[in-house]
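# Structure assessment
One-letter residues, chain by chain:
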Amino acid sequence: MYSQLSPHRAQRVDLPGRYGPVAALRASAAGVDLGATALLVPGYTGSKEDFAPMIDPIADAGLEVVAIDLPGQYESAGPTAEADYRPGPLGAALAELVGKLTAEGRRVLLLGHSYGGLVARAAVLAGAPISGLTLLSSGPSELPPGERRTALDYGEITLREQGIEASQRLNEVRAALHPRWSLMPQELKDFYRERFLRSTPAGLLGMGDSLRTEPDLVAKLARTLRAACIPCLVVCGELDDAWSAAGQRDMAERLDADFAVLKGVMHSPNTEAPKELLATLLPTWRAWLSA
């Protein structure tokens, strides 16, 4: 089973960031280096480890890999104000990181998963000098009504009134309702718990609020991509339970972006179906770089 604990060759490093060190997994390109870096950005309550199953195959394809924890997530330092965890401020910080990578002489292919897609979008709007944008299981605006949004509503109340330990206990109660939780190795459950508890409450609250208030900026992003000649790919699971596949297809059309849907996959193709996801990503990224 693929998971955040899947083995890989990347090294754990700290990169300089606006709010302090940015925790990352970094792997050099294997074989012929294409001179590009795949910068992978996780979603809400996520981390760099969400991309563990993808790191070695991307590196083997000739791309350097840099997977990060967003500021305030898990092992990355973060600001103290909740408002600084909105896509705009985080996107500006991400754009700075892109600038540092391009200063090393590398082209950057930026991928954002879920909330990380909203942050990646904000980075592009902030002028990040990228060579391609991939929005993975991410939507045009706030989360639509559904189980995930309801969980955010209750999670905020618990976090504010009872603290992060109580919030994590609520997460575990909710997770136990799903049959796959009982099949999950204890080591992976322990990782989820540690990751959540090491994330900043301000970050959890700020990102959670943004997931319920983010406006639709697709038209603005489309203009920016077109003006900068940046290609874009939207990819999602057929059964995505955050933003629907139909909604993401519509977003791709508005962006004039390529679109791919992975059959039988839910919200996290990076751990649910990394091989199928890579079969879409790698040819697309090679085409962008050769162009």
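The sections below set out a description of the structure shown in this document. (Residues numbered from 1 in each chain as written. Predicted model: local features only at pLDDT ≥ 70, side-chain atom pairs only at ≥ 80, totals over all residues. Heavy atoms only, no water.)

## Looking at the pairing of strand β5 (residues 107-113)
- Burial of β5 is extensive: six of the seven residues sit out of reach of the surface.
- With five bridges connecting them, β5 and strand β6 (residues 132-136) associate as parallel partners. Bridging from a neighbouring strand, leucine 109 pairs with glycine 132 of β6.
- Considered for its hand, the β-α-β crossover made up of β5, helix α3 (residues 115-125) and β6 is right-handed. (Buried < 20%, exposed > 50% of the residue type's maximum accessible area, 1.4 Å probe, protein only. Helix = DSSP H or I, 4+ residues; strand = E, 2+ residues; numbered from the N terminus. Pairing = 2+ DSSP bridges. Right-handed = clockwise from strand over helix to strand, strands pointing away.)

## Concerning the side chain of glutamine 73
- Mapped onto the secondary structure, glutamine 73 falls in the loop between β4 (64-68) and α2 (87-103).
- Within the structure, the side chain of glutamine 73 is placed 2.7 Å from the backbone oxygen of glycine 43, a separation counted as a polar contact.
- Ignoring sequence-local partners within four residues, the contact set of glutamine 73 consists of Pro42, Gly43, Tyr44, Thr45, Gly46, Ser47, Ser199 and Met207. (Polar contact = N/O pair within 3.5 Å; in protein donor to acceptor, adjacent residues only side chain to side chain. Contact = heavy atoms within 4.5 Å.)

## Quick look at unusual backbone geometry
- Positive phi values are uncommon outside glycine, yet tyrosine 74 reaches one of about 45°.
- At aspartate 256, a position not held by glycine, the phi torsion is positive, near 55°.
- Assignment of secondary structure puts aspartate 256 in the loop between α10 (245-255) and β8 (258-262).
- When its relative accessible area of 73% is taken as the criterion, aspartate 256 is described as exposed.

## Description of the sheet that holds β6
- The sheet built from eight strands is open, its strands ordered β1-β2-β4-β3-β5-β6-β7-β8 with mixed pairing. Two strands bound the open sheet, and with one partner strand each, they are β1 (11-15) and β8. Across the sheet, the mean angle separating the axes of adjacent strands is 20° when strand polarity is ignored.
- Its contacts with the sheet place α10 against β6, β7 (232-237) and β8, and it is angled at close to 175° to β7. (Axes fitted to C-alpha atoms, helices over the stretch in contact; angles between N-to-C directions.)

## Thoughts on the environment of alanine 246
- Relative to the helices and strands, alanine 246 is located in helix α10.
- A residue is classified by how much of its surface remains accessible, and alanine 246, at 57% relative accessible area, is exposed.
- Put simply, alanine 246 and valine 261 are 15 residues apart on the chain and 9.6 Å apart in space, counted from C-alpha to C-alpha.

## Looking at the packing of helix α4 (residues 147-162) against helix α5 (residues 164-175)
- Interaxial distance between α4 and α5 falls to 7 Å at its minimum, and their mutual angle equals 150°. Here α5 runs roughly antiparallel to α4, going by the angle between their axes. Once α4 is placed against α5, the crossing between them reads as right-handed. Packed against α4, whose contacting residues are Ala151, Tyr154, Gly155, Thr158, Leu159 and Gln162, the element α5 presents Ile164, Ala166, Ser167, Leu170 and Arg174 at the interface.
- Looking at the contact of α4 with α5 residue by residue, the class counts come to six nonpolar, four polar and one charged. (Parallel < 35°, antiparallel > 145°, perpendicular 65-115°, else oblique. Left-handed = near helix turned anticlockwise from the far one by under 90°. Nonpolar A, V, L, I, M, F, W, Y, C, P; charged D, E, K, R; others polar.)

Any link to function would need more than the numbers given here.
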